[in-house]
Amino acid sequence: MNERWDVRRAGPAEAPHRVLMIPGGMCSTEFYADVMAEPVLAGLSTVAVTQPGFAGTAAPADVSMEHYAELLARFAADTGCDVLVGHSLGANVAIEMAAAGLFKGPLVLLSPTFSRGDEAKFLAVMNTVGKVPGLGGAVWAGMLWLLPKAMRRQMPADRAQTLSADMAGNDPAVCRRIVRSYYEYLDRYPSLVPRLCGAAVPTWVVRGDHDEIGLTDDERRGLEDCPQIRLVTVPDAGHMLLVEQPARVAEVIAEAAAAL
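Residue numbers here run from 1 along each chain, matching the order of that chain's written sequence. Reporting of local features is limited, given that this is a predicted model, to residues whose pLDDT is at least 70; pairs of side-chain atoms are given and counted only at 80 or more, and all residues count toward the totals for whole chains, interfaces and linings. To obtain the side-chain values, all non-hydrogen atoms of the structure were used and water was disregarded.

1. Comments concerning the overall build of the protein chain
Here is step 1 of the chain: A run of DSSP states H or I qualifies as a helix once it reaches four residues; a run of E qualifies as a strand once it reaches two. Both are numbered from the N-terminal end. Looking only at helices and strands, one finds 11 helices and 7 strands in the protein chain.
Here is step 2 of the chain: Its C-alpha atoms give the protein chain a radius of gyration of 17 Å, within 12% of the compact-globule value 18 Å for 260 residues.
Here is step 3 of the chain: When its C-alpha atoms are laid out on the principal axes, the protein chain stretches across 50 × 40 × 40 Å.
Here is step 4 of the chain: The contact criterion used is simple: two residues touch if any of their non-hydrogen atoms lie within 4.5 Å. Sequence separation of 24 or more characterises 77% of the internal contacts of the protein chain that already satisfy a separation of 6 or more.
Here is step 5 of the chain: Of the roughly 10700 Å² that the protein chain leaves accessible, carbon and sulfur atoms contribute 54%. Within these notes, the globule rule equals 2.2 Å times the number of residues to the 0.38 power, and the radius of gyration is based on C-alpha atoms. All accessibility values rest on the Shrake-Rupley procedure with a 1.4 Å probe; residue burial counts only the protein chains present in the view.

2. Focus on the packing of aromatic side chains
Aromatic rings considered in pairs are described by the distance between their centres and by the relative angle of their planes.
Here is step 1 of the chain: Each pair of aromatic rings taken from Phe, Tyr and Trp, with Trp reduced to its six-membered ring, is defined by centres within 6.5 Å and is described as stacked if the planes are under 30 degrees apart, edge-to-face if over 60, and tilted in the remaining cases. In this structure the tally under the stated criterion is 3 aromatic pairs.
Here is step 2 of the chain: Between Y182 and Y183, the aromatic rings sit 5.6 Å apart at their centres with planes inclined by 65°, giving edge-to-face as the arrangement. Per residue, the accessibility class of Y182 equals that of Y183, and both read buried. Using a 1.4 Å probe on the protein chains alone, a residue whose accessible area is under 20% of its type maximum counts as buried, one over 50% counts as exposed, and one in between counts as partly exposed.

3. With respect to the state of the cysteines
Here is step 1 of the chain: Only a pair of cysteine sulfur atoms within 2.5 Å counts as a disulfide in this structure description. What the rule picks out here adds up to 1 disulfide.
Here is step 2 of the chain: Each disulfide pairs two cysteine sulfurs, and for C197 the partner residue is C226, the sulfurs being separated by 2.1 Å. The S-S bond linking C197 to C226 shows a torsion near 100°; that makes this disulfide right-handed. In this pair, C197 sits in helix α8 (residues 193-199) while C226 sits in the loop between α9 (217-225) and β7 (229-234), placing the two residues 29 residues apart along the sequence.
Here is step 3 of the chain: In this model C27 remains outside any disulfide bridge; the closest cysteine sulfur is found in C175, 9.9 Å from its own.
Here is step 4 of the chain: Judged by relative accessible area, C175 falls into the buried class, the value being 0%.

4. With respect to the pairing of strand β6 (residues 203-208)
Here is step 1 of the chain: Burial analysis of β6 places 6 of its 6 residues in the buried class, which makes it a mostly covered element.
Here is step 2 of the chain: We treat two strands as partners when DSSP finds at least two bridges between them. As paired strands, strand β5 (residues 107-110) and β6 are joined by 4 bridges and run parallel to one another. If you follow L110 over to β6, its bridge partner there is V206.
Here is step 3 of the chain: By the bridge criterion, 6 bridges tie β6 to β7 in an arrangement that is parallel. Residue pairing across strands places R207 opposite T233, the latter belonging to β7.

5. Remarks on the sheet that holds β7
Here is step 1 of the chain: Strand order in the open sheet formed by 7 strands is β1-β3-β2-β4-β5-β6-β7, and the pairing between neighbours is mixed. Every other strand in the sheet has two partners, leaving β1 (7-10) and β7 as the edge strands with one partner each. Strand-to-strand twist of the sheet, defined as the mean angle between neighbouring strand axes without regard to direction, takes the value 15°.
Here is step 2 of the chain: Bridging between strand β2 (residues 18-22) and strand β4 (residues 83-87) involves 4 bridges; their strand directions are parallel. Across the sheet, V19 pairs through a bridge with V83, a residue of β4.
Here is step 3 of the chain: For helices, the fitted axis covers only the stretch in contact; all axes are lines through C-alpha atoms, and the angles between them, taken along N-to-C directions, range from 0 to 180 degrees. Together, β1, β2 and β3 (45-49) form the strand contacts of helix α2 (residues 65-79), whose direction differs from that of β2 by roughly 155°.

6. Focus: the pairing of β3
The side chains of a regular strand alternate between both faces of the sheet.
Here is step 1 of the chain: Judged by how many residues are buried, β3 sits mostly within the fold: 5 of 5 residues are covered.
Here is step 2 of the chain: The sheet contact formed by β1 and β3 spans 4 bridges and is antiparallel. Its bridge partner lying in β3, A10 is registered against T46.
Here is step 3 of the chain: Pairing of β2 with β3, which is carried by 4 bridges, proceeds in the parallel orientation. Following the sheet pairing, V19 is matched in β3 by T46.

7. Focus: the packing of helix α4 (residues 121-129) against helix α5 (residues 135-151)
Here is step 1 of the chain: Following both chains from N to C, one finds α4 and α5 inclined at 150°, their axes separated by 8 Å at the closest point. Between α4 and α5, the interaxial angle falls into the category roughly antiparallel. Contacts between α4 and α5 involve F122, L123, M126 and V129 on the former and, on the latter, L135, G136, V139, W140, M143 and L147.
Here is step 2 of the chain: Tallied by class, residues from the contact of α4 with α5 come to 9 nonpolar, 1 polar and no charged. If an angle is under 35 degrees, it is roughly parallel; if it is over 145, roughly antiparallel; if it lies from 65 to 115, roughly perpendicular; otherwise it is oblique. Ten residues, namely Ala, Val, Leu, Ile, Met, Phe, Trp, Tyr, Cys and Pro, are considered nonpolar, four, namely Asp, Glu, Lys and Arg, are considered charged, and the remaining ones, Gly among them, are considered polar.

Rendered as structure tokens:
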């Protein structure tokens, strides 16, 4: 793939640290706009990049999580980023980047998924139905027509139209292919907690207090027992915490950058 990245930048180019921000599945860099505008990040250079294949961008031939980790790690190196932020599927790409030794800096993981059972139930259903010949394509097309409208309830009123319009720009066939590969990745690792802990990089795992993504008791204990991982709960936020509580998310990112 000859990448043509969808990139958003903020902050001084000569800043001592540069933060790479990876949006979640079906989301674009627009979802980081409020976080990037927070005053606490004014001294940092921030770069958000849409994962290829989402929000109207071209998908690579290989949509495995491992390949996305390689693509984003190369982008991080090329742009001089030394702090990594990922939301949702983007957080899982960040985990793989660190676990594979492709990124050594601090991580801020916004609502990651640590095992298949933690994922949103509707996504598992979509993945299963998506494998049915003939029916799968139609169901994904219908879901991507409905999802942006449904997600507006989790978005600030003044941003809902812009953000949902970005989500509406996704290609159902591409999303279907990426989600199938994502579930194959989760099947390879019953829990991603050991992979994250074994990466031995400073990590902030950040979740809303009513996050729709699950976290088992064993996963929580594993994260708490890992000395370089800190768990952060953001009040009044769900899975879309980066648009619901951008100021608190920005504070955590600033803390991670200060650890360098």
